[in-house]
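What follows is each chain in one-letter form.
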Amino acid sequence: MGVYDNVPELLSVSLGSNETTLLKITNAYCTFVNGGKKISPHLITRIQDRRGKTIYNFDAINITLGLPYLRISPDHGPNVKMIGKNKSNPLSLIKAIKFYPQGVTTNSSGGIKNLSKIYNLLEKIADFGIPLLIHGETSNTEIDIYDREAYFLEETVLGIRKNIPNLKIVLEHITTKESVDYVLESKKNVAATVTAHHLIINRNHIFDGGIRPHFYCRPIAKREEHRIAVRAAATSGNSKFFLGTDSAPHFDHNKENSCGCAGVFSSPNALGYVAQVFEEDSCINNLENFISINGAKFYNLPLNSSLTQFRKLKEAIKYPEKIKVGKNMITLFNPGYPLYWENEILA
């Protein structure tokens, strides 16, 4: 799956004897989570000259056996011209558009401060039924970090709903009761994703006996009452909620320092822990909808033709604490209790 470019002719007598990169190994792990579909990543999406003018903007990402999407930036100004709804319009190929408020999480410096400046664009994508995928936190640093998701609903989302009521919206990786309530009270064109780790951890995990950088992500985990509300929504069977792992691998040296980056790497074990959560809450019959069906239906996509088999084992699964990438290490999500569920993609 592209983990190694050049495999030595000699037989390897130890694991990890070849060197690879963070990008390659992440791409390989994500292939499993994406049902065998390999997505080709692009590291450079925009180049600006010294005056800040964009001279190269590669927003339409080409995906191998996957789906195209757009990342919107401040350069997508109000003067947007579209042609009719037909196959010759590039926008008809786009399945979703991602919105990061500027500076709210890792690698979001190119995000947007004021979404109202591109309402013209959002009106156009609403006409095509394209969902706007929102990282729902305010970039206002004067707001307490634990209140930024709830504040964002009033600051930004309510304005979008008022001005463009037919726009499909996905609040990604929600962490608060306020977000759950908003989705439940909204029309059918509002939905939310939930990560595996936000089903399990609350903010205490980040500070248990000291700083736990590998539990730090954005949006940051909240109080236990919020985790309970998010978990109840996820396991309820309500079609407005579906899985979005938001798995984010970072080298340990970038996490374990005086200003560590946000992100939890859960790709190898996220589905197993989600299955275990649903079993613990006696909601295993809702697992398939949450993982595979609700999201596809909201995005108007066909269901995946491949099947994934889940099994509960008698013995706890032994997965690595860390993954070596070249000379660096990446720590895998570990909530501190055993995992008994495994999954396998069937042919």
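Residues numbered from 1 in each chain as written. Predicted model: local features only at pLDDT ≥ 70, side-chain atom pairs only at ≥ 80, totals over all residues. Heavy atoms only, no water.

Q: When you look at the packing of helix 3 (residues 148-163) against helix 4 (residues 177-185) in this model, what are you seeing that I'm missing?
A: Here helix 3 crosses helix 4 at 25°, and the two axes come no closer than 9 Å. Judged by the angle between their axes, helix 3 and helix 4 are roughly parallel. For the element pair helix 3 and helix 4, the recorded crossing hand is right-handed. On helix 4, the residues touching Glu149, Ala150, Leu153, Val157, Leu158 and Arg161 of helix 3 are Glu178, Ser179 and Tyr182. In terms of residue class, the contact of helix 3 with helix 4 is made up of five nonpolar, one polar and three charged. (Axes fitted to C-alpha atoms, helices over the stretch in contact; angles between N-to-C directions. Helix = DSSP H or I, 4+ residues; strand = E, 2+ residues; numbered from the N terminus. Parallel < 35°, antiparallel > 145°, perpendicular 65-115°, else oblique. Left-handed = near helix turned anticlockwise from the far one by under 90°. Contact = heavy atoms within 4.5 Å. Nonpolar A, V, L, I, M, F, W, Y, C, P; charged D, E, K, R; others polar.)

Q: I keep staring at the pairing of strand 11 (residues 328-331) and nothing clicks. Help me out?
A: The side chains of a regular strand alternate between the sheet's two faces. Bridge count between strand 10 (residues 322-325) and strand 11: four bridges; the pairing is antiparallel. Note on strand 11: the bridge partner recorded for Val325 is Asn328. Counting the residues between successive antiparallel strands, the hairpin from strand 10 to strand 11 contains two residues, one of them, Gly326, with a positive phi of roughly 65°. (Pairing = 2+ DSSP bridges.)

Q: What should I look at first to understand the confidence of the model for the protein in this one?
A: Residues shown with low pLDDT carry predicted positions that ought not to be read at fine detail. Summary statistics for the protein give a mean pLDDT of 82 and a share of 70% for residues scoring 70 or more. Low pLDDT, under 50, characterises residues 60-66; the stretch is placed with 16 contacts to residues that sit more than four places away or in other chains. This model gives residues 76-87 a pLDDT under 50, and the stretch forms 23 contacts once residues within four places in sequence are excluded. (pLDDT = per-residue confidence, 0-100.)

Q: Explanation requested: the environment of Glu224 in the structure shown.
A: If you trace the backbone, Glu224 turns up in helix 5 (residues 224-235). Glu224 sits in the partly exposed class, given a relative accessible area of 30%. The spacing of Glu224 and Asn202 is 22 residues in sequence and 5.5 Å in space, taken between C-alpha atoms. (Buried < 20%, exposed > 50% of the residue type's maximum accessible area, 1.4 Å probe, protein only.)

Q: Can you walk me through helix 4 in this structure?
A: It helps to recall that an α-helix has 3.6 residues per turn; residues three or four apart then point in one direction. Turning to helix 4, its buried residues number three or more, namely Ser179, Val180, Tyr182 and Val183. The buried residues of helix 4 occupy one face: seen down the axis, they fall within an arc of 165°. Buried positions along helix 4 lie against helix 3, strand 6 (169-172), strand 7 (190-194), helix 5 and strand 8 (241-243). (Arc of directions from axis to C-beta.)

Q: What exactly am I supposed to notice about the packing of aromatic side chains here?
A: In this description, an aromatic ring pair is defined by two values, namely the gap between the centres and the angle between the planes. Tallying each qualifying case throughout the model produces nine aromatic pairs. Measuring from centroid to centroid gives 6.1 Å for Phe242 and Phe298, while their planes differ by 40°, and the two rings are tilted. Residue Phe242 is located in strand 8, and its partner Phe298 is located in helix 8 (residues 287-298); the two are separated by 56 residues in the primary sequence. As far as the burial class goes, Phe242 and Phe298 line up, both buried. Where Tyr273 meets Tyr337, the ring centres are 5.7 Å apart and the plane angle is 90°; that geometry is what we call edge-to-face. Taken together, the positions of Tyr273 in helix 7 (residues 270-280) and Tyr337 in the loop between strand 11 and strand 12 (341-346) put the pair 64 residues apart, joining distant regions of the chain. Tyr273 sits in the buried class, given a relative accessible area of 1%. You can call Tyr337 partly exposed: its relative accessible area is 26%. (Phe/Tyr/Trp six-rings, centres within 6.5 Å; stacked < 30°, edge-to-face > 60°.)

Q: When you look at helix 3 in this model, what are you seeing that I'm missing?
A: With 16 residues, helix 3 extends 22 Å between its outermost C-alpha atoms, agreeing within 8% with the 22 Å of an ideal straight helix rising 1.5 Å per residue. Approximately 35° is the largest bend angle found in helix 3, and it occurs at Val157. Here helix 3 has its buried residues at Arg148, Glu149, Phe152, Leu153, Thr156, Val157, Ile160 and Arg161. Buried residues along helix 3 sit in contact with strand 4 (97-99), helix 2 (119-127), strand 5 (132-135), strand 6, helix 4 and strand 7. (Expected span 1.5 Å × (residues − 1). Bend = angle between axes of the 7 residues up to and from the residue.)

Q: Explanation requested: the environment of Ala316 in the structure shown.
A: Structurally, Ala316 is set in the loop between strand 9 (307-312) and strand 10. It is 9.8 Å that separates the C-alpha atoms of Ala316 and Glu342, two residues lying 26 residues apart in sequence. Ignoring sequence-local partners within four residues, the contact set of Ala316 consists of Pro338, Leu339 and Tyr340.

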